[in-house]
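# Coordinates in review
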Amino acid sequence: MPKKPTEHKHYADNARAYIQKIRDDAGGAKPFFKLIHDREPVGNESITLNNQVNRGNFSAEFVGLLVDKLGLDDVSLAEFYKGR
């Protein structure tokens, strides 16, 4: 299996930290899930979302969902991925 590239991992680290702060400010995994999906989590859904946030390599689909649900329209890519 090919090794995952890590040369530019600081971008993922910054994006992860940005979303983790929002999650923590929301009160944790379950309240964060409700912010994103407008409903209470069923089963392990909040744990799955929490794990996705902790991994930090977000798909464009997930980033778009975060922008829509968290009102991140004014957050620049530089701020999100570079921590500016």
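Notes on the structure follow. As the structure is a computational prediction, the values presented were derived from the model and not from experiment.

Below, the discussion takes up the packing of aromatic side chains. With the rule as written, the count across this model stands at four aromatic pairs. Their ring planes at 45° and their centres at 5.3 Å tell us that Phe58 and Phe62 sit as a pair that is tilted. Each member of the pair, Phe58 together with Phe62, is buried. With a centroid separation of 4.7 Å and 85° between ring planes, the pair formed by Phe80 and Tyr81 is classed as edge-to-face. Taking relative accessible area as the criterion, Phe80 reaches 6% and is therefore assigned buried. Judged by relative accessible area, which is 26%, Tyr81 ranks as partly exposed. Each residue in the set Tyr18, Phe58, Phe62, Phe80 and Tyr81 is aromatic and connected to the rest through ring pairs, giving one cluster.

Note on placement: Arg16 falls in helix 1 (residues 10-26). With a relative accessible area of 17%, Arg16 lands in the buried category. Here Arg55 takes part through its backbone oxygen, which lies 2.4 Å from a polar atom of the side chain of Arg16. If we ignore the near neighbours within four places in the chain, the residues touching Arg16 are Val53, Asn54, Arg55, Gly56 and Phe58.

So, how was this worked out
Within every chain, residues take consecutive numbers counted from 1 along the sequence as written. Predicted model: local features are reported for residues with pLDDT of at least 70 only, side-chain atom pairs are reported and counted for 80 or more only, and whole-chain, interface and lining totals are derived from all residues. Each side-chain value is derived from all of the structure's non-hydrogen atoms; neither hydrogens nor water enter the calculation. When the centres of two rings from Phe, Tyr and Trp lie within 6.5 Å, Trp using its six-membered ring, the rings pair. Their planes under 30 degrees apart give stacked, over 60 give edge-to-face, and anything left gives tilted. Think of it in three bands: with a 1.4 Å probe and only protein chains considered, a residue is buried below 20% of the maximum accessible area for its type, exposed above 50%, and partly exposed in between. Here a helix means four or more residues in a row that DSSP labels H or I, a strand means two or more in a row labelled E, and each is numbered from the N terminus. Counting of polar contacts relies on pairs of N or O atoms within 3.5 Å, with two restrictions inside protein: one atom must be capable of donating a hydrogen and the other of accepting it, and residues adjacent in sequence are counted only when both atoms are side-chain atoms. Contacts: residue pairs with any heavy atoms within 4.5 Å of one another.

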